[in-house]
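Descriptive structure summary
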Amino acid sequence: MRKYDENRGAVSFETAKRAKRSARKTALVAGGAGFLGSHLCKRLLDEGCSVVCVDNFQTGRTANLVELMTGTSFSVIRHDVIQPLKIDGSIDEVYNLACAASPPKYQQDPIHTMQTCVNGTLNLLELARAKGARFFQASTSEVYGDPMVHPQPEEYHGNVNPYGPRSCYDEGKRAAEALCHDFADRFDLTVKVARIFNTYGPQMLADDGRVVSNFIVQALKGDPITIYGSGDQTRSFCYVDDLIEGILRLMRSDDRVTTPVNLGNPVEFTMLQLAELVIGQTGSSSSLVSCALPVDDPRQRRPDISRAKEALDWEPTTMLADGLAKTTAYFADQITHENARLSELA
Ligand code: NAD
Ligand code: UDP
């Protein structure tokens, strides 16, 4: 791996090696050190792309990138996308995944979250425009807020609180969609917007704060499983490999696909059902503990994926039980390594 200074840009891309691989696509992945971004970087590298990962490491980490650093096709720029980016060399695809996605993480600095969604998307759109690159926006099911229509089709305009602790993310992502629309309209930029529904899998942070990682880590450690509110609220969980396939199909879709597309798994679970599944799979003795329901926590969520099926010939293939088993194996391994490290220090 080569590191690049954000002020100098990725100048050394213009090497003889690069010329030899001129048929190769170069993809820039903002948020590439995070959970989804690192899976996307890997998939793009496996396809033969050169990949530039741009990240401020707020919730991303180098451990997610270690496996990718062995080749010369991967580079990392430490940069906060709220500042404009200067990148030398050609870029064919810009993927904007930069933004903390876990409620406790994006609420730590809500003003920065809003800046990331709005200024960050604007800067990346400008970059794509300057480079003549395609643009992918990681939008979210949160644009539907606490939905009054169930399941949620893309035509639904949502029920979002503009003045609350989730607003920095929900309204930020809605503003980002508006910017995507306007750049596509005014500058003839190819823009693809995915509304991503709750996705989980290996490379989530153990302390990420989202429900799947919380429940699995709590179960593995024998800690109480934290049920927020009654636990009757629902989510529909998509395994990461299915989602990455959907993202790539959407990015490479033809010019007729101009509107946002829901990407998610339409099988819906209550949080109590999820907790039972995790406890059953791990054989944990953890008890359930009741905690306060966060403000504006959506009561139900399930994607209508008719558009993705029709336009992309895409639907998820991983059952929750199978995806959870892979994710549990990942976290068990993480905990074993952490325990070994701690006993070495002791
Ligand atoms: P994540 O928190 O693991 O990854 C986000 C990445 O963006 C991290 O590497 C973080 O350091 C980086 N980042 C944050 N702010 C930045 C900034 N200002 N400049 C540069 N880098 C910045 O989250 P994730 O689950 O991988 O989500 C990735 C994207 O997908 C996010 O945009 C999120 O809104 C969207 N999304 C995810 C889900 C999901 O269920 N995972 C659902 C809907 C939407
Ligand atoms: N949740 C929970 N326990 C936890 C974490 C989350 O019961 O330890 C609930 C949360 O209140 C929400 C659902 O699980 O109803 C999904 O939460 P998450 O933060 O994963 O995603 P989001 O709310 O953004 O969909």
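Now for a quick tour of the structure. (Residues numbered from 1 in each chain as written. Chains lettered and ligands numbered in written order. Predicted model: local features only at pLDDT ≥ 70, side-chain atom pairs only at ≥ 80, totals over all residues. Heavy atoms only, no water.)

Details of the overall build of the chain
Operational definition: Numbering of helices and strands starts at the N terminus; helices are DSSP runs of H or I of at least 4 residues and strands are runs of E of at least 2. Radius of gyration here is computed from C-alpha atoms only, and the compact-globule reference equals 2.2 Å multiplied by the residue count raised to the power 0.38. We call two residues contacting when some pair of their heavy atoms lies within 4.5 Å.
When helices and strands are counted, the chain shows ten helices and 14 strands. Compactness check: the chain gives a C-alpha radius of gyration of 20 Å against a globular reference of 20 Å for 346 residues, within 12% of the reference. With respect to the three principal axes, the spread of C-alpha positions in the chain is 60 × 55 × 40 Å. In the chain, the proportion of contacts linking residues at least 24 apart, taken out of those at least 6 apart, comes to 82%.

Regarding unusual backbone geometry
So the rule is basically this: Categorising residues by exposure relies on relative accessible area from a 1.4 Å probe, with only protein chains included: less than 20% of the type maximum marks a residue as buried, more than 50% marks it as exposed, and the intermediate range marks it as partly exposed.
Cis geometry marks the peptide bond from H150 to P151; its omega dihedral reads -10 degrees. Following the sequence through the fold, P151 ends up in the loop between strand 6 (134–140) and helix 5 (167–187). If you check the backbone angles, Q203 has positive phi at about 85 degrees while not being a glycine. Here Q203 lies in the loop between strand 8 (199–200) and helix 6 (211–221). What makes Q203 buried here is its relative accessible area of 19%. Although it is not a glycine, D296 sits at a positive phi angle of roughly 65 degrees. Take D296: it is sitting in the loop between strand 14 (288–291) and helix 9 (306–312).

As for the environment of I111
On the secondary structure map, I111 appears in helix 4 (residues 110–131). With 190 residues separating them in the primary sequence, I111 and R301 have C-alpha atoms 26 Å apart.

A word on the site of ligand 1
This is how it is decided: Nearness is judged by heavy atoms alone; a residue qualifies as near a molecule or strand once a single heavy atom is within 4 Å of it. In the analysis that follows, any N or O atom pair within 3.5 Å is treated as a polar contact, provided that within protein one partner can donate a hydrogen and the other can accept it, and provided that, for residues neighboring in sequence, both atoms belong to side chains. With residues, only the protein chains shown are counted as cover, and all accessible areas are computed by Shrake-Rupley using a 1.4 Å probe.
The local shell around ligand 1 holds 30 residues, among which L36, D55, T59, Y169 and T199 are the closest. Within the contact set of ligand 1, an oxygen atom lies 2.9 Å away from a backbone nitrogen or oxygen of G34. In this structure, an oxygen atom belonging to ligand 1 sits 2.9 Å away from a main-chain N or O atom of F35. In the complex, the protein chains occlude 97% of the 820 Å² of accessible area that ligand 1 would expose alone.

Regarding the environment of G172
Relative to the assigned elements, G172 resides in helix 5. What makes G172 buried here is its relative accessible area of 0%. Setting aside anything within four residues of it in sequence, one finds G172 in contact with M114, C117, V118 and S167.

Some thoughts on the pattern of salt bridges
Formally: When a carboxyl oxygen of Asp or Glu is within 4 Å of a side-chain nitrogen of Lys or Arg, the pair counts as a salt bridge.
With the rule as written, the count across this model stands at 25 salt bridges. Residues E93 and R252 are paired through a salt bridge, measuring 2.8 Å at the closest nitrogen-oxygen approach. Taken as a pair, E93 in strand 5 (residues 93–96) and R252 in the loop between helix 7 (240–251) and strand 12 (261–263) lie far apart in primary sequence, 159 residues in all. Connected via shared salt-bridge partners are E142, R166, R235, D297 and R301.

Some points on empty space enclosed by the protein
What counts here: Grid points spaced at 1 Å over the protein atoms alone were grouped into cavities, where a 1.4 Å probe fits but cannot get out, and pockets, open sets with protein on both sides within 12 Å along at least five of seven lines, with lining residues defined by an atom within 4 Å of a point. Grid points are joined across faces, edges and corners, and a volume is the space filled by probe spheres set on the points. Each residue is assigned to one class: nonpolar for Ala, Val, Leu, Ile, Met, Phe, Trp, Tyr, Cys and Pro, charged for Asp, Glu, Lys and Arg, and polar for all the others, Gly among them.
The tally for this structure, following the rule as stated, stands at two cavities of 30 Å³ or more. Of the voids in this model, the largest cavity is the one considered here, and its volume is about 40 Å³. Around the largest cavity sit N96, A98, C99, T116, C117, T121, Q137, A138, K173 and A176, which together line it. Sorting the residues of the lining of the largest cavity by element identifies helix 4, strand 6 and helix 5 as the ones contributing at least two each. Per element, the largest residue contribution to the lining of the largest cavity is three residues, and it comes from helix 4. Its residues assigned to classes, the lining of the largest cavity shows five nonpolar, four polar and one charged.

Structural notes on the packing of helix 2 (residues 35–46) against helix 7
The test is simple: Here an angle of 0 to 180 degrees is reported between the N-to-C directions of two axes, which are lines fitted to C-alpha atoms, with helices fitted over the stretch in contact. Left-handed describes a crossing whose near helix is turned anticlockwise from the far helix through less than a right angle; right-handed describes the clockwise counterpart.
Running from N to C, helix 2 and helix 7 point in directions that differ by 65 degrees, and their axes come no closer than 10 Å. Here helix 2 and helix 7 pass one another in a crossing that is right-handed. Facing helix 2, whose interface residues are F35, L36, H39, L40, R43 and L44, helix 7 presents V240, D241, L243, I244, E245, I247 and L248. Tallied by class, residues from the contact of helix 2 with helix 7 come to nine nonpolar, one polar and three charged.

A look at the packing of helix 6 against helix 10 (residues 320–345)
A packed helix pair is summarised by two numbers, namely the angle formed by the two axes and the spacing between the axes. Keep this limit in mind: Here the word oblique covers every angle except those under 35 degrees (roughly parallel), over 145 (roughly antiparallel) and from 65 to 115 (roughly perpendicular).
The N-to-C vectors of helix 6 and helix 10 enclose an angle of 55 degrees; their axes lie 10 Å apart at closest approach. In terms of axis orientation, helix 6 runs oblique to helix 10. For helix 6 against helix 10, the interelement crossing comes out right-handed. Within the contact between the two elements, helix 6 uses V212, S213, I216, V217, L220 and K221 and helix 10 uses L324, T327, T328, F331, A332 and I335. Residue composition of the contact of helix 6 with helix 10, by class: eight nonpolar, three polar and one charged.

Quick word on the packing of aromatic side chains
Condition: Here a Phe, Tyr or Trp ring, Trp counted by its six-membered ring, pairs with any other such ring whose centre lies within 6.5 Å, and the pair is stacked when the planes are under 30 degrees apart, edge-to-face when over 60, and tilted otherwise. By definition here, charges over rings are those cases where NZ of Lys or CZ of Arg is within 6 Å of the ring centre and within 35 degrees of the ring normal.
Taken as a whole and assessed by the stated rule, the structure comprises eight aromatic pairs. On the numbers, 5.6 Å between centres and 65 degrees between planes, the contact of Y200 with Y239 is edge-to-face. Here Y200 is found in strand 8, whereas its partner Y239 is found in strand 11 (residues 238–239), with 39 residues between them in sequence. Relative accessible area serves as the criterion here: at 4%, Y239 is assigned to the buried category. With a centroid separation of 5.2 Å and an interplanar angle of 70 degrees, the aromatic rings of Y330 and F331 are classed as edge-to-face. Y330 gets classed as buried once you look at its relative accessible area, which sits at 15%. These aromatic residues form a ring-pair network of at least three members: Y144, Y156 and F197. The lysine or arginine in question, R129, covers the ring of F187, its NZ or CZ lying 3.6 Å from the ring centre.

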